[in-house]
Amino acid sequence: MKRHLRKIAALLILVVLAGILAGCGSGTEKKARIVRIGHNQSTNHPTHIALAAFQDFINEKLGDKYRVEVYPNELLGSQNNMVQLTQTGAIDFCVASNAILDTFSKNYEIFNLPYLFASQEAYEHVMDDPAVTGPIFESTKEAGFSAVTWLDAGTRNFYTVSKAIETPADLKGMKIRVQQSPINVEMMKLLGGSATPMGFGEVYTALQSKIIDGAENNELALTDNGHGDVCKFYSYDMHQMIPDILIGNNAFLDGLTAEDRAIFEEGFQLINKVQREKWSESVEAAKTKAQNEQNVQFFYPDTKPFEEACKPLHQSVLQKNPGLQATYDAIQKYNQEFPSTGK
Ligand code: GCU
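Residues numbered from 1 in each chain as written. Predicted model: local features only at pLDDT ≥ 70, side-chain atom pairs only at ≥ 80, totals over all residues. Heavy atoms only, no water.

A short note on the nonpolar core
Ranked by size, the top nonpolar core spans 47 residues in total, and within it Ile110 and Phe111 carry the most contacts. Not counting the four nearest positions on each side in its chain, isoleucine 110 is found in contact with Leu116, Ile136, Leu324, Thr327, Tyr328 and Ile331. Membership of the second largest hydrophobic core comes to 24 residues, among which are Val35, Ile37, Leu62 and Tyr66. (Core = buried A, V, L, I, M, F, W, Y, C linked by side-chain atoms within 4.5 Å. Buried < 20%, exposed > 50% of the residue type's maximum accessible area, 1.4 Å probe, protein only. Contact = heavy atoms within 4.5 Å.)

Below you can see the structure in the form of structure tokens.
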């Protein structure tokens with residue numbers, strides 16, 4: 001009888017265990033890997049809209065295996081922090097300005113050069129040419145991440161609290177926030193101003209508390225980030241076209257099956273397409289809003305004196321990093337093919 005009871009108890013345990021195991025099995029099968037993407041823009045920004053499209057795309061195609069989560073507004077930290085999180089794999093992707101990537105690989109210096117591109121068309125052709133971008137996008141492999149696509153971040157121009165910048169001389173004695181790249185510090189020196197490098201999220205408070213006299217960015221910073229509430233003078237000196245770069249953790253990317261990787265690649269192209277489609281209309285809307293609601297005035301100075309002042313930077317960067325010469329020459333070919341339209 002005792003033996004009989006023991007048999008029943010053992011059977012019961014087996015049934016319960018099997019149940020738990022079966023439960024666990026279906027649980028792990030169902031549990032999708034969370035893919036985290038961080039960026040520093042608002043949810044109105046074309047970059048966020050494009051990443052949300054990617055989120056829907058992956059969730060629809062591979063939702064049983066991956067669930068994409070997008071974290072805007074520096075929720076995961078500043079761009080510098082997010083790049084480090086992507087390096088270690090604490091998050092899977094983030095959007096970083098090309099400007100801050102030159103501390104991870106010198107190859108990125110090239111796209112930080114002022115007045116590098118003759119026109120929007122030349123810029124887009126360069127960025128869309130894998131023969132030009134490939135060696136740059138892969139140059140951070142050892143650092144643990146790679147670029148998977150680029151995003152438009154417009155043209156960078158000066159804007160200030162107290163006066164319009166119409167010639168480089170107007171920058172004299174002015175503290176201007178720049179992105180954290182040695183090239184930007186050098187550029188400000190050549191223009192006669194004083195560079196104050198800091199993260200994007202700190203700029204609004206720095207402007208408001210007059211720690212800086214101005215900053216430089218595309219038009220969206222006026223509205224999306226409220227800089228136009230403080231700075232009323234925006235001058236189109238057009239000094240840089242610095243792309244944003246979506247970077248991914250290499251271990252994550254390399255761990256994808258060939259089929260899943262192909263779907264992710266399709267998704268990266270979708271991000272690029274949606275973001276660029278939205279870009280010009282967002283800039284136009286920001287300009288109208290800045291003019292009408294924030295009373296920002298827009299100025300169109302002669303860009304030549306700014307360009308002349310910055311030009312020595314091209315040669316000094318190429319001299320320090322001769323490996324960039326081939327890329328530089330390839331860019332000049334596109335500049336000849338798509339010259340300035342004088343805008
Ligand atoms: C732009 C760019 C961002 C960058 C910011 C900055 O908004 O899209 O990637 O962080 O400029 O000036 O830091």
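Looking at the site of the ligand
Inspection of the region around the ligand gives Asn40, Gln41, Gln79, Ser97, Ala153, Arg156, Arg177, Gln179, Phe200, Asn217 and Asp244 as its neighbouring residues. At a separation of 2.9 Å, an oxygen atom of the ligand approaches a polar side-chain atom of asparagine 40. Between the ligand and arginine 156 there is a distance of 2.8 Å, counted from an oxygen atom to a side-chain nitrogen or oxygen. Contact with the protein chains removes 97% of the 310 Å² of surface that the ligand exposes when unbound. The cavity where the ligand resides is the largest cavity. By residue class, the composition of the shell around the ligand is two nonpolar, six polar and three charged. (Near = heavy atom within 4 Å. Polar contact = N/O pair within 3.5 Å; in protein donor to acceptor, adjacent residues only side chain to side chain. Areas by Shrake-Rupley, 256 points an atom, 1.4 Å probe, with all protein chains shown as cover. 1 Å grid on protein atoms, 1.4 Å probe; cavity = no way out; pocket = protein on both sides within 12 Å on 5 of 7 lines; lining within 4 Å. Sits in = over half its atoms within 2 Å of the grid points. Nonpolar A, V, L, I, M, F, W, Y, C, P; charged D, E, K, R; others polar.)

Remarks on the pattern of salt bridges
As enumerated under the stated definition, the model contains eleven salt bridges in all. A salt bridge links arginine 276 to aspartate 128, with the nearest nitrogen and oxygen atoms 2.9 Å apart. Highlighted residues: arginine 276 in helix 11 (residues 258-293) and aspartate 128 in the loop between helix 5 (120-127) and helix 6 (130-137), separated in sequence by 148 residues. Lysine 189 is paired through a salt bridge with glutamate 186; the nearest N and O atoms lie 3.8 Å apart. One end of the pair is lysine 189 and the other is glutamate 186, both in helix 7 (residues 182-191) and three residues apart, which spans about a single turn. According to the relative accessible area criterion, glutamate 186 is partly exposed, its value standing at 32%. The network of salt bridges with shared partners includes Glu124, Asp128 and Arg276. (Salt bridge = Lys/Arg side-chain N within 4 Å of Asp/Glu carboxyl O. Helix = DSSP H or I, 4+ residues; strand = E, 2+ residues; numbered from the N terminus.)

Describing the sheet that holds strand 10 (residues 244-249)
If you trace the five strands from one edge of the open sheet to the other, you get 2-1-3-10-4, paired in mixed fashion. Because the sheet does not close on itself, it has two edges, and the strands there are strand 2 (66-71) and strand 4 (145-151). Across the sheet, the axes of successive neighbouring strands diverge by a mean angle of 25 degrees, strand direction being ignored. Where strand 4 lies against strand 10, six bridges are found, and the strand directions are antiparallel. For threonine 149, the partnering residue across the bridge sits in strand 10 and is leucine 246. Sheet strands in contact with helix 11 are strand 1 (33-38), strand 2, strand 3 (93-97), strand 4 and strand 10, and its direction is about 35 degrees off that of strand 4. (Pairing = 2+ DSSP bridges. Axes fitted to C-alpha atoms, helices over the stretch in contact; angles between N-to-C directions.)

Digging into unusual backbone geometry
Where the residue is not glycine, phi is negative for most of them; where a peptide bond is considered, it is trans in most cases. One non-glycine residue, methionine 238, lies in the positive phi region at around 60 degrees. By the secondary structure assignment, methionine 238 is in strand 9 (residues 233-240). The phi torsion at asparagine 295 lies on the positive side, around 55 degrees, for a residue other than glycine. By the secondary structure assignment, asparagine 295 is in the loop between helix 11 and strand 11 (297-299).

Digging into the layout of surface pockets
In this structure, the second largest pocket occupies an estimated 380 Å³ of space. Taken together, 21 residues make up the lining of the second largest pocket; nearest its centre are Phe137, Ala147, Val148, Thr149 and Gln269. When residues of the lining of the second largest pocket are traced back to their parent elements, those giving at least two are helix 6, strand 4, helix 10 (250-255) and helix 11. (Points joined across faces, edges and corners; volume = space filled by probe spheres on them.)

Remarks on the confidence of the model for the protein chain
Taken residue by residue, the protein chain gives an average pLDDT of 93. The fraction at 70 or more is 91%. Throughout residues 1-28 the model reports pLDDT below 50, and contacts reaching past four residues in sequence, or to other chains, amount to zero contacts. (pLDDT = per-residue confidence, 0-100.)

Some thoughts on the pairing of strand 9
The buried fraction of strand 9 is high, at seven of eight residues. The sheet contact formed by strand 5 (residues 156-160) and strand 9 spans four bridges and is antiparallel. Pairing of tyrosine 159 across the sheet is with tyrosine 234, part of strand 9. Note that strand 9 and strand 11 share three bridges and pair parallel. Across the sheet, the residue bridging to phenylalanine 233 is glutamine 297, located in strand 11.

A closer look at the side chain of threonine 196
Tracing the sequence through the fold places threonine 196 in strand 7 (residues 194-197). Ignoring anything within four residues of it in the chain, the contact list for threonine 196 reads Lys175, Ile176, Arg177, Val178 and Ile212.

Overview of empty space enclosed by the protein
Overall, the coordinates contain one cavity of 30 Å³ or more when judged by the stated rule. Reported here for the largest cavity is a volume of approximately 270 Å³. For the largest cavity, the lining is made up of 24 residues, of which Asn40, Gln79, Ser97, Gln179 and Phe200 are closest to its centre. Contributions of two or more residues to the lining of the largest cavity are made by helix 3 (79-88) and helix 9 (220-223). Here the residues of the lining of the largest cavity are counted per class, giving seven nonpolar, 13 polar and four charged.

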